[in-house]
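Structural overview
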Amino acid sequence: MRRPRWFGVVLAVSLAIALTFLTVPVVGIFVGSSPADLISSLGERGSLDALWLSLRTTTISIAIILIVGTPAAYLLASRSFRGKALVVTLIELPLVLPPAVAGIALLAAVGPAGILGGAVEAAGIELSLTTAGVVVALTFVSSPFYVRQAMAAFAAVDRSLLDASRTLGASEARGFLRVMIPVALPGLASGMALALGRALGEFGATLMFAGSFQGVTQTVPLAIYDRFSTDFDSALALSAVLVALSAAILLAVKFVHGGAALGGWQAE
Amino acid sequence: MLGACAAIAAGCGSDDGGGGGSASTRLVVSAAASMKEALTACAPQFDKADDASVKLSFAGSDELAAQIRQGAKVDVYAAANTKLPDQLHTDGRIDTPVKFATNELVLAVRGDSRIDSIDDLTKSGTKLVIGSASVPIGSYTRETLAKLPPDQKKAILANARSNEPDVKGIVGKLAQGAADAGFVYVTDVNATKGKVKAIKLPKQLEPQVTYGAGVVSKAAQPGLAKKFVDGLTQGDCADALHKAGFGPVP
């Protein structure tokens, strides 16, 4: 079927507008900073501290998300029970919460004056204004990205594979580890990448719950905001690093999906 | 939507907001966030006396200054320092600014805190939150700490647990018990209605915190704008500022 010519023009113009609008700000980051400036700003102590802190907190939080989130997602994908829709909705809720709400919520829950604040303190754990608090904030905002994707990945696995392994005498735990995880791996990896991207960019909840202190709680996004009014060049340099990291994560997801993620209708 | 909003800059912040009679003259006032309570209280009286319709737009002084530089349609600019109005005047963006109020840097602690002077901040384990060096509250704080003996200054800064990008972050963390002490303006403490209390700093440590305002050069209503600025030093708005804890200009 041929589309009328004007419609093709509308499509092309729309794409051109979307592409320009979405890429010009990113291009601005790289045009605004010369490579030499970029490297010298990154050599600065505060920037290195922020990068190192972001790397550490993100890694720890992703590890926690994988260890707890994978079995949880498998349960949700493999069982049906009363109230499952509610459980899934509650788990997905942080996806749509504004970061500022996440920050307030964490303070109200595990902050010193929060509902569980006493218990946290009694356990000898200090969260607010500490690196551990950053990890809590990152985990809270980014885990739903992983769990959601992991659920979908497990649900898409052909049940007969698991059934076959069980017929051969393998326990469910063994089937989960040896069959389900390997088969669902591409989906799990892309869920991890999404969570990683969200954690790296986390700003509001971290600032409200953990504060901003160089080397302790000041992650890269907080360092960018801190430099915004006084040292725009170094804010640009740190932004450029985040753009590069995020692009690398996105490309990795596309690679894992073997190009399928690029989408498009196949020729019929 | 956000992008469009950013592109036309201040238009988004100052053009909306309801109220005011249709026949009255519209006056757009950009004021530092710390004056929100006071100016919101006195604006209706100004409206009534001058048959005007004052539109108040509150944000950080530096942000408001940037909006005026980008051509936002504003009549009055009132900032939390004198540096920004002076800079705008030098650049021909506002008429000669006037100093209209002072604020006071204080040590803020929770209502039930045992901390009662700046000397207590050196105790290890005290959680202190201060403003980041890039914002006015942070530079006033550093100015004050610089007047202390080097050992004391070092011990206090060693207890700093967060460099917040604005005063709200400091007060919020104090009120939530996440921090034990912080440096803020006395007016911010008054606004918490007792949750947080202020401890006065010794006279010799107090920085000079002076607020400045001016009529925007391209104001649509220069006469009315001048009247509003005058009203910040004398009249209902001046009274409202004093009630909120601001001091008169010496």
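The rules behind the values
- Residues numbered from 1 in each chain as written.
- Chains lettered and ligands numbered in written order.
- Predicted model: local features only at pLDDT ≥ 70, side-chain atom pairs only at ≥ 80, totals over all residues.
- Core = buried A, V, L, I, M, F, W, Y, C linked by C-beta atoms within 7 Å.
- Buried ≥ 20, exposed ≤ 12 C-beta atoms within 10 Å, placed from the backbone.
- Helix = DSSP H or I, 4+ residues; strand = E, 2+ residues; numbered from the N terminus.
- Contact = placed C-beta atoms within 7 Å.
- Arc of directions from axis to C-beta.
- Expected span 1.5 Å × (residues − 1).
- Domains from an automatic or database assignment.
- Nonpolar A, V, L, I, M, F, W, Y, C, P; charged D, E, K, R; others polar.
- Pairing = 2+ DSSP bridges.
- Axes fitted to C-alpha atoms, helices over the stretch in contact; angles between N-to-C directions.
- Parallel < 35°, antiparallel > 145°, perpendicular 65-115°, else oblique.

**Details of the nonpolar core**
Ranked by internal contacts, the top residues of the largest apolar core, which has 82 residues, are L106(A), A137(A), A108(B) and V184(B). In terms of residues, this core owes the most to one element, helix α7 (residues 131-156) of chain A, which gives 14 residues. Residues in contact with A137(A), not counting those within four places in the same chain, are L106(A), E202(A), A205(A), T206(A), F209(A) and A210(A). Judged by nonpolar contacts, the second largest core, of 43 residues, contains V28(B), L39(B), I68(B) and F246(B).

**Description of unusual backbone geometry**
A negative phi angle is the norm for most residues apart from glycine, just as the trans form is the norm for most peptide bonds. Residue and element names in this part refer to chain B. Even without being a glycine, D51 presents a positive backbone phi close to 50 degrees. Looking at where D51 falls in the secondary structure, it is placed in the loop between α3 (36-50) and β2 (52-59). Residue D51 is classed as exposed on the basis of its 12 C-beta neighbours within 10 Å. A positive phi is found at K193, a non-glycine position, where the angle reads about 50 degrees. Here K193 is to be found in the loop between α9 (186-190) and β9 (196-199). Given 7 C-beta atoms within 10 Å, K193 falls into the exposed group.

**Details of helix α5 (residues 83-90) of chain B**
Residue and element names in this part refer to chain B. Those residues of α5 that sit buried are L84, P85 and L88. Summarising the axial view, the buried residues of α5 lie within an arc of 100 degrees, below the 170-degree limit, and thus occupy one face. Each element contacted by the buried residues of α5 is listed here: α4 (61-69), β3 (76-79) and β10 (209-215). Where α5 terminates, the next one or two residues include G92, which has phi positive at roughly 75 degrees.

**With respect to helix α5 (residues 99-110) of chain A**
All names here are of chain A. Across its 12 residues, α5 extends 16 Å between first and last C-alpha, which sits within 8% of the 16 Å expected from 1.5 Å per residue. Every buried residue of α5 is listed here: A102, G103, L106, L107 and V110. One side of α5 carries all its buried residues, which in axial view fall inside an arc of 135 degrees. Contacts from the buried residues of α5 go to α4 (84-96), α6 (117-122), α7 and α10 (204-210).

**Points about the domain arrangement of chain B**
All names here are of chain B. For chain B, the assigned domains read domain 1 (24-102 + 209-243) and domain 2 (105-205). Centre-to-centre separation of domain 1 and domain 2, based on C-alpha positions: 28 Å. Residue-level contacts link 6 residues of domain 1 with 8 residues of domain 2. Considering only residue class, the side of domain 1 that touches domain 2 consists of 2 nonpolar, 3 polar and 1 charged.

**Structural notes on the sheet that holds β10(B)**
Residues and elements named next belong to chain B. Reading across the sheet, the 5 strands line up as β2-β1-β3-β10-β4 and stay open at both edges, with mixed pairing between neighbours. Because the sheet does not close on itself, it has two edges, and the strands there are β2 and β4 (98-103). For this sheet the average axis-to-axis angle between neighbouring strands, irrespective of direction, equals 20 degrees. Both β3 and β10 contribute to a ladder of 4 bridges, which runs antiparallel. Directly across from Y77, in β10, lies its bridge partner G214.

**A word on the sheet that holds strand β6 (residues 128-131) of chain B**
To summarise the sheet geometry, strands pair through backbone hydrogen bonds and adopt either a parallel or an antiparallel arrangement. Residue and element names in this part refer to chain B. The 5 strands are arranged β7-β6-β8-β5-β9 in an open sheet whose pairing can be described as mixed. Whereas interior strands pair on both sides, the edge strands pair on one side only; in this sheet they are β7 (160-164) and β9. With direction set aside, neighbouring strand axes in the sheet form an average angle of 35 degrees. Pairing between strand β5 (residues 105-110) and strand β8 (residues 181-185): 5 bridges, direction antiparallel. Looking at β8, one finds that A108 is bridged to G182. Contacts from helix α6 (residues 136-145) reach β5, β6, β7 and β8, with the element oriented near 115 degrees to β6.

**A short note on the interface of chain A and chain B**
Every contact between the two is made by 16 residues of chain A and, on the other side, 17 residues of chain B. When grouped by side-chain class, the residues that make up the side of chain A that touches chain B number 8 nonpolar, 7 polar and 1 charged.

**Quick notes on the pairing of β8(B)**
All names here are of chain B. The element β8 is extensively covered by neighbouring structure, given that 5 of its 5 residues are classed as buried. As paired strands, β6 and β8 are joined by 2 bridges and run parallel to one another. Its bridge partner being in β8, V129 is matched across the sheet by G182.

**Here's the deal with the environment of V186(B)**
The topology assignment puts V186(B) in helix α9. Sequence separation between V186(B) and Q204(B) is 18 residues; the distance between their C-alpha atoms is 17 Å.

**Digging into the packing of helix α2 (residues 35-42) of chain A against helix α12 (residues 232-256) of chain A**
Residue and element names in this part refer to chain A. In contact at an axis separation of 9 Å, α2 and α12 are set at 90 degrees when each is read in the N-to-C sense. Regarding the angle of α2 to α12, the classification is roughly perpendicular. Residues D37, L38, S41 and L42 of α2 form the contact with α12, whose participating residues are D233, S234, A237, A240 and V241. When grouped by side-chain class, the residues that make up the contact of α2 with α12 number 5 nonpolar, 2 polar and 2 charged.

**A closer look at the environment of G83(A)**
Residues and elements named next belong to chain A. One can find G83 in the loop between α3 (45-78) and α4. Residue classification places G83 among the exposed positions, given that 8 C-beta atoms sit within 10 Å. Taking the C-alpha atoms as reference points, G83 and A16, separated by 67 residues in sequence, lie 45 Å from one another.

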